[in-house]
Amino acid sequence: MKTLRYFGMALLAVILCLNLTACSDDDDENSSIPTLVDLVGSVWSGTDPEGYNIEVTIESATTISVAVSGNGYEGESTHTFTYDEETGMARFTYDGVDCVASISGNSMTVNLGEFKMKMKRIK
């Protein structure tokens, strides 16, 4: 009986070890915060809750352009911005409203006043 218990415990220990080593890293490889050098030239796209298509292009280390189209409207504007490589936070002013964008991997969350939108990197 002791031998059977010993083999059962050994089998349980082996199964537990295999389960722990068989699991892969679940972290998204694209969840890292990009550097400013990585962002220059990137293009981000999304649709706001009112149906406008918005495209943000990071043109240089201090300049972005925002193109808005939809519902019979088309417009493009250029803005200066700042970017913190440690937090992934970009800040600029759009139509007199402070905008804060959080960038992680290939996604950007834009907060413009009460407005919040998710964007994906397309270039």
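In this text, all values refer to a predicted model and were calculated from it rather than measured experimentally.

### Some thoughts on the overall build of the chain
Here is step 1: When helices and strands are tallied, the chain shows 2 helices and 8 strands.
Here is step 2: Along the chain, from the amino end to the carboxyl end, the secondary structure elements read α-α-β-β-β-β-β-β-β-β.
Here is step 3: Taking all 123 residues of the chain together, 28% fall into the buried category.
Here is step 4: Long-range contacts, defined here as pairs at least 24 residues apart, represent 33% of the contacts in the chain between residues at least 6 apart.

### Focus: the sheet that holds strand β7 (residues 107-112)
Here is step 1: The antiparallel closed barrel is built from 8 strands, whose spatial order is β1-β2-β3-β4-β5-β6-β7-β8. Ignoring which end each strand starts from, the neighbouring axes of this sheet average 25 degrees apart.
Here is step 2: Looking at chain direction, strand β6 (residues 97-104) and β7 are connected through 6 bridges and run antiparallel. Looking across to β7, one finds that Ser102 is bridged to Thr109.

### A short note on the environment of Ser107
Here is step 1: Checked against the element boundaries, Ser107 lands in strand β7.
Here is step 2: Here the alpha-carbon distance between Ser107 and Arg121, two residues 14 residues apart in the chain, equals 6.1 Å.
Here is step 3: Those residues in contact with Ser107 that sit more than four places away from it in its chain are Trp44, Ser102, Met119 and Lys120.

### Digging into the pairing of strand β3 (residues 63-70)
Here is step 1: Two strands pair when backbone bridges link them, and strand β2 (residues 53-58) and β3 are joined in this way by 6 bridges, in the antiparallel orientation. Among the inter-strand pairings, Glu55 is bridged to a residue of β3, identified as Ala67.
Here is step 2: Connecting β2 to the antiparallel partner β3 that follows it, the hairpin turn spans 4 residues.
Here is step 3: In this structure, β3 lies alongside strand β4 (residues 73-84), joined through 8 bridges in antiparallel fashion. Across the sheet, the residue bridging to Ile64 is His79, located in β4.
Here is step 4: The hairpin turn running from β3 into β4, its antiparallel successor, is 2 residues long, and Asn71 in that turn takes a positive phi close to 55 degrees.

### Some points on the nonpolar core
Here is step 1: Counting 22 residues, the largest nonpolar core has Trp44, Val66, Phe81 and Met119 as the members making the most contacts within it.
Here is step 2: Here Met119 is in contact with Trp44, Ser45, Gly46, Ile54, Glu55, Val56, Asn106, Ser107, Met108 and Val110, once residues within four sequence places are set aside.

### With respect to the confidence of the model for the chain
Here is step 1: Per-residue confidence for the chain gives a mean pLDDT of 83; residues scoring 70 or more make up 75%.
Here is step 2: At the low end of the mean pLDDT range in the chain sits helix α1 (residues 2-22), at 59; at the high end sits strand β1 (residues 43-47), at 95.

### Let's talk about the pairing of β1
Here is step 1: Strand direction decides the pairing type here: β1 and β2, joined by 5 bridges, are antiparallel. Paired with Gly46 across the bridge in β2 is Ile54.
Here is step 2: Here β1 hands over to β2 after 5 residues, with Gly51 in that stretch at a positive phi of 95 degrees.
Here is step 3: Sheet topology note: the β1/strand β8 (residues 115-121) ladder contains 2 bridges and is antiparallel. Bridging across to β8, Trp44 finds its partner in Arg121.

What counts and how
Residues numbered from 1 in each chain as written. Predicted model: local features only at pLDDT ≥ 70, side-chain atom pairs only at ≥ 80, totals over all residues. Heavy atoms only, no water. Helix = DSSP H or I, 4+ residues; strand = E, 2+ residues; numbered from the N terminus. Buried < 20%, exposed > 50% of the residue type's maximum accessible area, 1.4 Å probe, protein only. Contact = heavy atoms within 4.5 Å. Pairing = 2+ DSSP bridges. Axes fitted to C-alpha atoms, helices over the stretch in contact; angles between N-to-C directions. Core = buried A, V, L, I, M, F, W, Y, C linked by side-chain atoms within 4.5 Å. pLDDT = per-residue confidence, 0-100.

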